[in-house]
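Coordinate inspection notes
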Amino acid sequence: MSTAKRLRSSAKAKTRDKPPARPTVADLEGESEFAQLANQHWLKITKRASKAKIKVKNDVLKRDIWDVLEKDSFAYKSLLVLEGLQTLESYLWPGYSEDSSNFHVLLIALLTNVKARERLETWAIFEDRPAEFSSLFTRVLSMSLDQTLSWSVRTHLLNFTIFAFQSLDWNSVRKECAPLVSIAIWHSLSSDAKRETKLAQTPQLKKSWKAAGKRYDSADDATKARLRFERAWLYTLTLEFLHLLYGEKSTQEQVLYCERFVEFLTDLLSQLPTRRYVNTLLQDLHILPALSLSPMFNDEANALLRDQCSLLSHFVHFSIDDQTGAQHSRMEAYDRHCADLGKLQRVALRHFKEKLTVLALSNYASIDRRRDLENLLEILADDELTKLTSLLELRTSYPDSTGVAIDRRFLMEVLLSTFEKRKTFQETAREMSIFPTEDSLFDQSILRTDHYDGSRPLALPKLKLQYLSVGDFLWRALILYRCESFYGIRKDISDVLRRLRPEVRRSGETGFAGSSKMALSVSRPSILEVVPPQVGDDKPSAVRAEISLDFRRLGDRVRREWDSLRPDDVVFLVAVDASMQTTATNGSDNNTSELKKLGIVAVRTAEVAQILDDKGKSIRDPSAYFNGSNRSSTRRMQLRLDPKTYKEDADRVSRGKPDVYEQINLLVRRSGRENNFKPVLESIRTLTLSEVPLASWLHENFLGYGDPAGATYKHLPNRVGKVDFRDTFVDWQHLVASLPGKTIEPGFEVSSSFGPPYLLESVDRPPEELSSKGSKKRRRGAEPAMIAEIETYQVSTYKPPNLGPYPVDAPKLNKVQFTSAQIEAIMSGTQPGLTVIVGPPGTGKTDVATQIINNIYHNFPEQRTLLIAHSNQALNQLFAKIVALDIDERHLLRLGHGEEELDTDGNFSKHGRVESFLEIRDRYLHEVNRLAASMGAPGAHGNSAETAGYFNSVYVQPTWKKFTEIINDESSSAADVIRAFPFHQFFSNAPQPLFPTEDDRPAVVDVAEGCYRHISKMFSELEDVQPFEILRRDRDKANYLLTNEARIIAMTSTHAAMRRSEIAGLGFHYDNVVMEEAAQITEIENFIPLAMQKPKDGQLALQRVVLCGDHYQNSPVIQSLAFRHYANLEQSLFSRLVRLGIPVITLDQQGRARPSIAALYQWRYPNLGNLPHVESLSEFRTANAGFKYDYQFINVPDYKGQGEMEPTPHFIQNLGEAEYAVALYQYMRLLGYPASKISILTTYAGQRALVKDVLAVRCSNGAIFGMPKIVTTVDKYQGEQNDYIILSLTRTSRVGYLRDIRRLTVALSRARLGLYIVGRREVFEACYELRSAFELLLQRPDKLMLSTGEMWPSKRVLAEEEGTSAPNEATMEGVEHLGNFVYEMTVSKVKQLREEQGLPVEMEEVKLQPIREDDEVQYVEDASDGEEQEDIFEEEGDKQESDKQES
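Predicted model, so just to flag it, every value in this text is computed and none were measured.

What follows is about helix α38 (residues 845-859). Between its first and last C-alpha atoms α38 spans 21 Å; for 15 residues at 1.5 Å apiece the expected length is 21 Å, and the two agree. Counted residue by residue, α38 has 13 buried out of 15 residues, so it is predominantly covered.

What follows is about the sheet that holds strand β20 (residues 1144-1146). Read from one edge to the other, the open sheet built from 7 strands follows the order β16-β17-β15-β18-β19-β14-β20, with strand pairing classed as parallel. Two strands close off the open sheet at either side, each with one partner strand: β16 (892-894) and β20. Neighbour-to-neighbour, the strand axes of this sheet turn through a mean angle of 15°, independent of strand direction. In this sheet, strand β19 (residues 1104-1109) lies alongside strand β18 (residues 1072-1075) in parallel orientation, the contact comprising 4 bridges. Of the residues in β19, the one forming a bridge with V1074 is V1106. Along the sheet, helix α37 (residues 820-830) makes contact with β14 (833-838), β19 and β20, crossing β20 at roughly 150°. On top of the sheet, helix α45 (residues 1053-1065) reaches β15 (865-869) and β17 (1048-1052); it is set at about 115° to β17, its chief contact.

We now examine the sheet that holds strand β12 (residues 758-763). Here 4 strands make up an open sheet; going across it, the order is β10-β12-β13-β11 and the pairing mixed. Because the sheet does not close on itself, it has two edges, and the strands there are β10 (722-724) and β11 (743-746). Recorded for the sheet is a direction-independent mean angle of 25° between the axes of neighbouring strands. Across 4 bridges, the pairing between β11 and strand β13 (residues 792-797) is parallel. Bridging across to β13, E745 finds its partner in Q794.

Turning our attention to the packing of aromatic side chains. Taken as a whole and judged by the stated rule, the model has 58 aromatic pairs. One aromatic cluster in this structure is built from Y806, W960, F963, F981, F983, F986, F987, F995 and Y1012. Sitting over the face of the ring of Y76, R117 holds its NZ or CZ atom 3.5 Å from the ring centroid. In this arrangement the basic side chain of R1136 is found over the ring face of F702, its NZ or CZ atom lying 5.0 Å from the centre.

Remark: α38 packs on helix α39 (residues 872-883), axes separated minimally by 10 Å, with the N-to-C direction vectors making an angle of 50°. The angle between the axes of α38 and α39 places the two elements in the oblique class. The two elements α38 and α39 meet at a crossing, and its hand is right-handed. For the pair α38 and α39, contact is made by T846, D847, A849, T850 and I853 and by L878, K881 and I882, respectively. The class makeup of the residues in the contact of α38 with α39 is 4 nonpolar, 2 polar and 2 charged.

For the rest of this paragraph, the subject is the side chain of E118. Tracing the backbone through its elements, the reader meets E118 in the loop between α7 (102-117) and α8 (130-144). Ignoring sequence-local partners within four residues, the contact set of E118 consists of R22, Y76 and L80.

With 10 of 13 residues buried, strand β7 (residues 600-612) lies mostly within the body of the structure. Relative to strand β8 (residues 634-641), β7 runs antiparallel, the two sharing 6 bridges. Across the sheet, V608 pairs through a bridge with L639, a residue of β8.

Attention now goes to the side chain of N113. The residue N113 is located in helix α7 in this model. According to the relative accessible area criterion, N113 is buried, its value standing at 11%. A polar atom in the side chain of N113 sits 2.7 Å from the backbone oxygen of H156. Other than its neighbours up to four places away in sequence, N113 contacts H156, N159 and F160.

Turning next to the environment of Y257. Among the structural elements, Y257 can be located in helix α14 (residues 252-269). Given the relative accessible area of 1%, Y257 is considered buried.

Parameters at a glance
- Residues numbered from 1 in each chain as written.
- Predicted model: local features only at pLDDT ≥ 70, side-chain atom pairs only at ≥ 80, totals over all residues.
- Heavy atoms only, no water.
- Helix = DSSP H or I, 4+ residues; strand = E, 2+ residues; numbered from the N terminus.
- Expected span 1.5 Å × (residues − 1).
- Buried < 20%, exposed > 50% of the residue type's maximum accessible area, 1.4 Å probe, protein only.
- Pairing = 2+ DSSP bridges.
- Axes fitted to C-alpha atoms, helices over the stretch in contact; angles between N-to-C directions.
- Contact = heavy atoms within 4.5 Å.
- Phe/Tyr/Trp six-rings, centres within 6.5 Å; stacked < 30°, edge-to-face > 60°.
- Lys NZ or Arg CZ within 6 Å of the ring centre and 35° of its normal.
- Parallel < 35°, antiparallel > 145°, perpendicular 65-115°, else oblique.
- Left-handed = near helix turned anticlockwise from the far one by under 90°.
- Nonpolar A, V, L, I, M, F, W, Y, C, P; charged D, E, K, R; others polar.
- Polar contact = N/O pair within 3.5 Å; in protein donor to acceptor, adjacent residues only side chain to side chain.

Functional significance is not addressed by these values, which are geometric in nature.
Take a look at the structure:
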């Protein structure tokens, strides 16, 4: 059987054997009970009249929906079907009222949870009816306490509440949640005395408590009842949780409820607004001691609950002031601990002097360990222990309903947990290993993430809307990034072992039947050196080992990859025992660990120190060695082992355990893009341990507190009064039009407008004095007093200085006429503070960022700017635009490995800049010699920068000073000035005449001063070069360049994260950060560029942060679904700031696409308009040659009886769409469309591979077709554009990850002139989230409409054809029809070409064949070994979809 047939049959078999876990088109299109119900009761009704009042029938809810769901145990697929049928937004919510049944409320809660789990927009549905939403929320809270409901239903209600508390950026949700965690919950504290003690801590607490009391006293009976319910809700829920923990036999439903409740408590404690009063209540309830002693906690099966408890404990004891949010330093935390111990000692001495004298008189260090304290307290009797606990204001009883008996064991645990010393999160971070071993890679808490589908929580911290402190954020990021890195490493090692297929050889040793380019079989490593520990440490300071590598069986390409390993790269030493794997296979799978299934004995991480050849010589240039004649097939790799792990291994050997290093038999590597985890983790850990990692003015906004506008320039004291906007404005009309609503006043005596450059000075007008003293509190409905009615700017200008007589001296000017929104962004970015710029597709955010950098460079010459982007491609695009502006190339530096792709004349890497400085030196020294000769100055002045400086000070400056005396003499004429000019001979090679011919003395003086500026610049640059003459080592030169010369430093966010410690250690300081593609960068990689310098006097020098991005497009790529969705690791700082309400500037005019194509995604950006040129230029007005429409959705039915297929897991393909896309491309090429103007995009990597295969077969004739500019996935193409896009949607069973409308936005916004989408109509038009785009797409026929008989470019005007038929209109009925049409055109084209070349007309039929129904598929192939490490998983759904996205 052929490979293609075998793969097809296996794919069909999988489809038959494995029932679908998610809804299909059949489920949503009338073949299911729910679909028929929807069509009968709401879908058809809402289609007929969108505003019709929906009447909900309770018997339909109960009998046809609730009972069906309950019978099926609320199966997630059934809930997804209901959600896909728009049940919530079209039926349940429109029909909700205060009189609705409980089943109605429960169904709304269930479907809200589904939307939350699917990451779909949820709360916006409820915004139109705030009163009803408040009623709904209250009923959900009441029902969450209803003990008649099953634990499964109550878990769903709790999930609703958890989701609500995660969405406090919505005003309607925050309004309902806030009373549940207000100070009123302190009514439930164990005693009035304890409450008074807490209230006495700050005056603000007393004030808040009194205000809550007044609010209650002044309320009516109904409001009082509501307030009592709200303040008791959390307390009651927690008591029920405790009752459940101590139940006799716990069911799985009860365990799941408890897991969700612990998640809920952890969420409450991880944000300051919800933590402020809740933490006190939970500690009063002894939540942690009660949890740790409960039967459910100690059940072996409930490991997840124990891990969750550990995370909850971290947040309960997080060292922060719960009221002010101030994070305690390590000393402050210890002082608070000592104060608690002091209180314990005082109570012990006063009330238990006889028995606790030792405790009372001991030093703190001797009583803050759990065992020591327990020994001292053991002497107390039970009643004495109870009394001690009570005297310490700790709870000693629970209501009887909880079933929790507070006995001696419980009280002892309460006292021990209260007074024991705990590690701070910094200490935990310091001790955390960043080198994975088999234990950390296959830890149960990480393995759980493999099977995450949203049904159960995880013991992982979450990245949320707000953080307790910067340290808290960094700790969470460290934990999550480490887990996600280890997840990827484990996946790669597991994949390698599956490919290697370990087996037991006859000798009993482990061998490998397969192969993998990412691994080599090795003999055990030899330990070369173990360096003794440093003073005060117990582990070796360094461990060096060596292994031998044999490349004889490797192909040249794979060998080159192994030879590309560099020092500091991380590799993995793996011990594999195939006999373990055999045992695991024969045993019980349920109880066998993942380690044994793979046969892994041990994994050790090592760093490459150096690579030697077979003669022991270091290989410094791998490519030169590989191509050399004396190359060897063996290598010796010297490694640095992790000292901490090595010491643990040595201790294990000393106890009689086997030596791990004796068993090592495999070396595994990873691709460089994925293997940068170590330096990034080190950077995060270093920041976690630092005290001042963030600029003070940005601190509150970053954490999510305070005034959202507090970090913008209008609210900062260091706002710049006057700014030179140079070439930002084209002319006066542009200036006035760009500042609507602002007053523009000329700054000096002029009666009319004047040209650029413009200096704008903000004029502060004093506010009008109020007639009477107003209240400090703003009254509801009253408008705030405005400081000034209208913002006023005073505008002045100046004559730009003459920079010299040569054309290269002329400044490069901006030619972009910025829109008013762009100008607002540029003005804000030029000022100090935080600027957030939302740039929809095609709105020119890169041009805005470039102009901001240009303005900062010229207005603040001493400041330095860090330029960050997500990808090398985006960074290079931005950098190329900066190079084109009036910025001295000496001050530009590009760090990282993407510089070689930069399409500019100069080399801006460290090495390239150093070389450039030396080239500048040679060029200018030649000029110095020429200048000296022209002045008749004897000596070798051009020998070095130092001698040139001497020449300048001794000869040039005195000569110029003498000449300025003549300039300053008012009696001298223009001729006198020209005659006295001392540099005539030097400037003889400048454009002549050097001076104006007319008798214009000011113009003559201006030219002369320009000439001297040219000379001064020459000596200034030589002065900058002088250190490079002194420094000898290339590394020193490069570091000097970074720390002293460069003023604009560009790097990717990944490079910044990897090199943070190294760059900060050089003393590198900067003032500004401009971040492009900020919404595509993870939050920790957003943060690290803000903290890449060491503080000066306790403060960072950072003055500006400019974030450019678009949160409506793709988010950062995270491989694991668990980390992406549960931990929210895909969150960017940009998107979080937008959610927090930070003022953003949205660019509102696009200049990329035709207005008709832009309309497909303008619904995502309500105010997005079009720039005039996309409506006036001929290329936007002209039709696409050969097509009736400029965009079209083309329905592609099953091809050869099949739609989508999955030859290997998650590798999704659609042959019909691939053939159609390629035929469409061939058609365009035959009409003369340039291949470089066409891109083919797919939504899945499997489809991309298939399209490439079809192209290779169908377009092998390069003279006619060639290949399109690129074939790639939508995700990879973000930030790019092309004139014509062919898009394959691939899926035919369900929408898949394109339901994330951020991806749809990217897909629809890549085309400038033509967009042709091939897909399955019934799948996508039924999707609620995509309806706005597909309503437009499907207004046109879903069969391809051609206009035959014309070549590219067309002369047809689109506007003239609206509502009429196109010339020679033809409809393509399907892929075979289009394929035959293209085939006939190709035959004609080939004949024409052969006739032109004088060749016989006959052709080889084998090479050129039409698409036929009975074709054998030759394209469907498994992922080749060449794509082994390429992430081929791009599904954003549940586990049946992919957990990976393309890297």
